[in-house]
Amino acid sequence: MVDANRIIKEFWELVSIDSVSGKERLMADLLIKKLTALGLEVVEDGAGYKVGSDTGNIIGKLPGNGRGPLLLLCAHMDTVEPGCGVQPLLEEGVIRSAGDTVLGADDKAGITTILEVLRLIREKQIKHGGLEVVFTIWEEGGLFGAKNLDYHLLQAKAGFVLDSDGPPGTIITRAPSQDRIGAVIRGKAAHAGINPEEGINAIQVASHAISLMRLGRIDHETTSNIGIISGGKATNIIPDSVTVEGETRSLVASKREALTDHICGVIRDSAAKFNAGVDIVTETLYTDFHLEEESLPVRLAVKAADNLGLTAKLEKTGGGSDANIFNSRGIVTAVLGIGMKKVHTTEEYISVEDLTGNARYLLEIVKAAQEEF
């Protein structure tokens, strides 16, 4: 039933369109046309104006023609850099980029899957309880599209985000919360060769603080990282300012909070030790979620895997997705593995087998919803 050649052609078309975060207009315009042609009522919300993107989130609605729950299906339109001028290659059943850019399977494999399922539903007159399709902007780096989505346009109370690694049958039921930490350490400038003792080296303060931090894998539920350090003007000037940016994540909110407090405390103590000043800003980017096996999306995904003879794998992840935001807004949402590999690198790839398997699996989930109600 799934058309492999059609899937390959559409995936090829999508990854060949530039849509790095904040510049998703061409992708959005194409998807509006595709969804409209498939019989969906399509609107674009105003999220783009709020976050500085050249488009808003795209929302398509397909009325139900049978029983069962109204389901949300979501994938994001943007890609990370380097994501412009993608040249896909098909070699021995695997699609990858030519090597100078990411491929964009994250998350255009998810978009391709949703579009193929919508076509199959239309062509085969498959019964369903209604679908709400959301293609979000600027997921990478902050989930900004989902955060600024016009939720008044949605009615679904359960759904799926197609945006994880792992083969079809992978069901993400736990994902972490994340804090962003930003600190500006203020030292004192002085000539590095004539009177260095009169200065306060902000970079030295930062390095002392970092040496005392608990970083990397803290436990099986918790991680932290310092990812950006910037400061200094010249080698002959004691640097009077340095910026440090990092993050903490955990599947358990209290662990994340404690780790953020630890990192901030170390920075403050180090600044005091060297008589430096410091300003620290923290922000919780998204909250964690933990879906029970009895929740509707998990039940449907497990049943669909069983129907297809797939091994259903309930997994946790260390990354956030639009599902974190949907769950916080009361839409019970699981994340599905779609087989993308080495994402966010120029070695990213996906197999044709997984591309076609994703469509079979999502279609079976829609069918499973009919069987349950």
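The rules behind the values
Residues numbered from 1 in each chain as written. Predicted model: local features only at pLDDT ≥ 70, side-chain atom pairs only at ≥ 80, totals over all residues. Heavy atoms only, no water. 1 Å grid on protein atoms, 1.4 Å probe; cavity = no way out; pocket = protein on both sides within 12 Å on 5 of 7 lines; lining within 4 Å. Points joined across faces, edges and corners; volume = space filled by probe spheres on them. Helix = DSSP H or I, 4+ residues; strand = E, 2+ residues; numbered from the N terminus. Nonpolar A, V, L, I, M, F, W, Y, C, P; charged D, E, K, R; others polar. Buried < 20%, exposed > 50% of the residue type's maximum accessible area, 1.4 Å probe, protein only. Pairing = 2+ DSSP bridges. Core = buried A, V, L, I, M, F, W, Y, C linked by side-chain atoms within 4.5 Å. Contact = heavy atoms within 4.5 Å. Phe/Tyr/Trp six-rings, centres within 6.5 Å; stacked < 30°, edge-to-face > 60°. Lys NZ or Arg CZ within 6 Å of the ring centre and 35° of its normal. Polar contact = N/O pair within 3.5 Å; in protein donor to acceptor, adjacent residues only side chain to side chain. Axes fitted to C-alpha atoms, helices over the stretch in contact; angles between N-to-C directions. Parallel < 35°, antiparallel > 145°, perpendicular 65-115°, else oblique. Left-handed = near helix turned anticlockwise from the far one by under 90°.

1. A short note on empty space enclosed by the protein
1) Next: Applying the stated criterion across every chain yields a total of one cavity of 30 Å³ or more.
2) Next: The volume enclosed by the largest cavity comes to roughly 30 Å³.
3) Next: As for the largest cavity, its lining consists of Arg-67, Pro-69, Leu-71, His-128, Gly-129, Gly-130, Leu-131, Val-366, Ala-369 and Gln-370.
4) Next: With three residues, the top contributor of residues to the lining of the largest cavity is helix H10 (residues 352–372).
5) Next: Of the residues in the lining of the largest cavity, the class split is five nonpolar, four polar and one charged.

2. With respect to the pairing of strand E12 (residues 241–250)
1) Next: Among the 10 residues in E12, seven count as buried, and that is most of the element.
2) Next: The pairing of strand E9 (residues 177–186) with E12 spans 10 bridges and is classified as antiparallel. Opposite Arg-180, over in E12, you have Glu-247 as the bridge partner.
3) Next: As defined by bridge partners, strand E11 (residues 222–231) adjoins E12 across nine bridges and the pair is classed as antiparallel.

3. Some words on the nonpolar core
1) Next: Counting 86 residues, the largest nonpolar core has Phe-11, Met-77, Ile-114, Leu-118, Phe-135, Phe-160 and Ile-365 as its most contacted members.
2) Next: Ranked by residues supplied to this core, first place goes to H10 with 10 residues.
3) Next: Contacts of Phe-160, omitting those with residues within four sequence positions, involve Leu-71, Leu-72, Leu-73, Cys-74, Pro-297, Leu-300, Ala-301, Thr-333, Ala-334, Leu-336 and Ile-365.
4) Next: Membership of the second largest hydrophobic core comes to 18 residues, among which are Ala-202, Val-205, Ala-206 and Ala-209.

4. Quick word on the packing of aromatic side chains
1) Next: By the definition in use, this model includes two aromatic pairs.
2) Next: With 5.9 Å between their ring centres and 90 degrees between their planes, Trp-138 and Phe-144 make a pair best called edge-to-face.
3) Next: The class of Phe-144 is partly exposed, set by a relative accessible area of 25%.
4) Next: Between the aromatic rings of Tyr-151 and Phe-326, the centroid separation amounts to 6.2 Å while the plane-to-plane angle is 75 degrees, which identifies the pairing as edge-to-face. Placement of Tyr-151 in the loop between helix H5 (144–147) and strand E7 (158–164) and of Phe-326 in helix H9 (residues 322–328) is noted, with a sequence separation of 175 residues between them. There is no split in this pair, since Tyr-151 and Phe-326 are both buried.
5) Next: In this structure, Arg-96 is placed above the aromatic ring of Tyr-349, and the distance from its NZ or CZ to the ring centre is 5.2 Å.

5. Re the environment of Ala-206
1) Next: Looking at the secondary structure, you find Ala-206 in helix H6 (residues 202–211).
2) Next: Separated by 38 residues in sequence, Ala-206 and Val-244 have C-alpha atoms that sit 7.4 Å apart.
3) Next: Those residues in contact with Ala-206 that lie beyond four places of it in its chain are Ile-185, Val-242 and Val-244.

6. Quick notes on unusual backbone geometry
For residues besides glycine, phi is generally negative; the peptide bonds are generally trans as well.
1) Next: Of the consecutive residues Glu-81 and Pro-82, the connecting peptide bond is found in the cis state with omega at -5 degrees.
2) Next: Along the chain, Asp-106 connects to Asp-107 via a cis peptide bond; the corresponding omega equals 15 degrees.
3) Next: One non-glycine residue with positive phi stands out, namely Glu-92, at about 50 degrees.
4) Next: We classify Glu-92 as exposed; its relative accessible area is 85%.

7. With respect to the environment of Ile-137
1) Next: Tracing the backbone through its elements, the reader meets Ile-137 in the loop between strand E6 (131–136) and H5.
2) Next: Of the residues examined, Ile-137 reaches a relative accessible area of 0% and is grouped as buried.
3) Next: For the pair formed by Ile-137 and Glu-92, sequence separation is 45 residues and the distance between their alpha carbons is 32 Å.

8. Here we look at the layout of surface pockets
1) Next: Its volume calculated, the largest pocket comes out at about 790 Å³.
2) Next: Listing elements by their share of the lining of the largest pocket, those giving two or more residues are E7, strand E8 (170–175), E9, E11, E12 and strand E13 (277–286).
3) Next: The element best represented in the lining of the largest pocket is E12, accounting for four residues.
4) Next: Class assignment for the residues of the lining of the largest pocket results in 10 nonpolar, 13 polar and nine charged.

9. Considering the environment of Ile-263
1) Next: Here Ile-263 shows up in helix H7 (residues 253–273).
2) Next: The sequence separation of Ile-263 and Arg-214 amounts to 49 residues, and the corresponding C-alpha distance is 7.6 Å.
3) Next: Residues within four places of Ile-263 in sequence aside, it is in contact with Ile-181, Met-213, Leu-215, Ser-224 and Thr-248.

10. Some words on the side chain of Thr-113
1) Next: Inspection of the secondary structure assignment puts Thr-113 in helix H4 (residues 105–124).
2) Next: Under the relative-accessibility criterion, Thr-113 is labelled buried at 2%.
3) Next: Separated by 2.8 Å, the side chain of Thr-113 and the backbone oxygen of Ala-109 make a polar contact.
4) Next: Not counting chain neighbours up to four residues away, the residues in contact with Thr-113 comprise Leu-162, Leu-355, Asn-358, Ala-359 and Leu-362.

11. Observations concerning the packing of helix H8 (residues 296–308) against H10
1) Next: At a closest axis distance of 8 Å, the pairing of H8 and H10 adopts a crossing angle of 115 degrees. Compared by their axis directions, H8 and H10 come out roughly perpendicular. Crossing of H8 against H10: the hand is right-handed. On the side of H8, the interface is formed by Leu-296, Arg-299, Leu-300, Ala-301, Val-302, Lys-303, Ala-304, Ala-305, Asn-307 and Leu-308, while H10 contributes Arg-360, Tyr-361, Glu-364, Ile-365, Ala-368, Ala-369, Glu-371 and Glu-372.
2) Next: Residue composition of the contact of H8 with H10, by class: 11 nonpolar, one polar and six charged.

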